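Each chain is listed here by its residues.
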Amino acid sequence: MKRMFAAGIDQARGVPSQWDDGWDGYVERFASREGQFIAANTLAYLGNAALKYEPRYDQCRCTGFWPRARHAIMRNFLTFNESERQLRPQCALYGGSFGGGVLSTAWKPKPRNAFAEGGRAMLGQAGYGSLLNFFIEFSPDMNRAIGATKRRRKRLSSAVGVGPVLRLVPRQAGDGF
């Protein structure tokens, strides 16, 4: 969704200007964003593996809006090392973002500035990453506020005897979830 949205913004801005304004131009912009995403994630994965960093988001164990918001934003810039006790800068994440931006200039029309593309990709990671962590941190509260319930999986026998079938069913009161 993020890349579709970003490609739509690129389309509205006409960036790069050498690509069409119609559907074909949007498809090129979306494919460019997707390629940049794949390159950035691959580079970030390789960096995290080499550094033995744990890039997954961990929800805050604190209470209150501001401490949790601070945690969500801070975790976009810091990550745990392999001990899962010591925080380290997210070098691999931002290095991957920069590298993905630089690599994207390989298929974009000229003139292009690889370092500017890398810098924009890093700024995008800072913004979108913080927003995503914020959403992950507060989504359980948002779901509770709107009355959403968890779904659980229930095993059923298949009608044709091929094996079990999983079906999502609404959570019932007293289920223990």
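Preceding this section is the structure that the text describes.
Treat the numbers as computed from the prediction; the structure is a model and nothing was measured.

**Let's talk about the side chain of Ser130**
Looking at the secondary structure, you find Ser130 in helix α5 (residues 114-146). Each residue touching Ser130, except ones within four places of it in the same chain, is listed here: Ile73, Asn76, Phe77 and Gln125.

**Structural notes on α5**
Given a rise of 1.5 Å per residue, 33 residues ought to cover 48 Å, and the 45 Å separating the end C-alpha atoms of α5 matches this to within 8%. Of the positions making up α5, those classed as buried are Glu117, Gly118, Ala121, Gln125, Ala126, Gly129, Ser130, Asn133, Glu137, Phe138 and Ser139. Residues of α5 that are buried in the fold lie against α2 (23-51), α3 (65-74) and α4 (91-104). For α5, the side-chain oxygen to backbone nitrogen distance between the N-cap and Phe115 is 3.1 Å, and the N-cap itself is Asn113. In the segment just after α5, Gly147 is the residue with positive phi, at about 85°.

**Thoughts on the environment of Thr42**
In this structure, Thr42 sits in helix α2. Here the alpha-carbon distance between Thr42 and Gly96, two residues 54 residues apart in the chain, equals 7.3 Å. Separated by 2.8 Å, the side chain of Thr42 and the backbone oxygen of Ile38 make a polar contact.

**Some thoughts on a nonpolar patch on the surface**
A cluster of nonpolar residues, Leu43, Tyr45, Leu46, Leu103 and Trp107, forms a patch on the protein surface that exposes about 520 Å² of accessible area. Per element, the largest residue contribution to the nonpolar patch is three residues, and it comes from α2. Mapped onto the elements, Leu43 comes out in helix α2. The class of Leu43 is partly exposed, set by a relative accessible area of 33%.

Cut-offs used in this document
- Residues numbered from 1 in each chain as written.
- Predicted model: local features only at pLDDT ≥ 70, side-chain atom pairs only at ≥ 80, totals over all residues.
- Heavy atoms only, no water.
- Helix = DSSP H or I, 4+ residues; strand = E, 2+ residues; numbered from the N terminus.
- Contact = heavy atoms within 4.5 Å.
- Expected span 1.5 Å × (residues − 1).
- Buried < 20%, exposed > 50% of the residue type's maximum accessible area, 1.4 Å probe, protein only.
- Polar contact = N/O pair within 3.5 Å; in protein donor to acceptor, adjacent residues only side chain to side chain.
- Patch = residues over 30% accessible without salt bridge, like charges linked within 9 Å, V, L, I, M, F, W, Y side chains within 5 Å.
- Areas by Shrake-Rupley, 256 points an atom, 1.4 Å probe, with all protein chains shown as cover.
- Salt bridge = Lys/Arg side-chain N within 4 Å of Asp/Glu carboxyl O.

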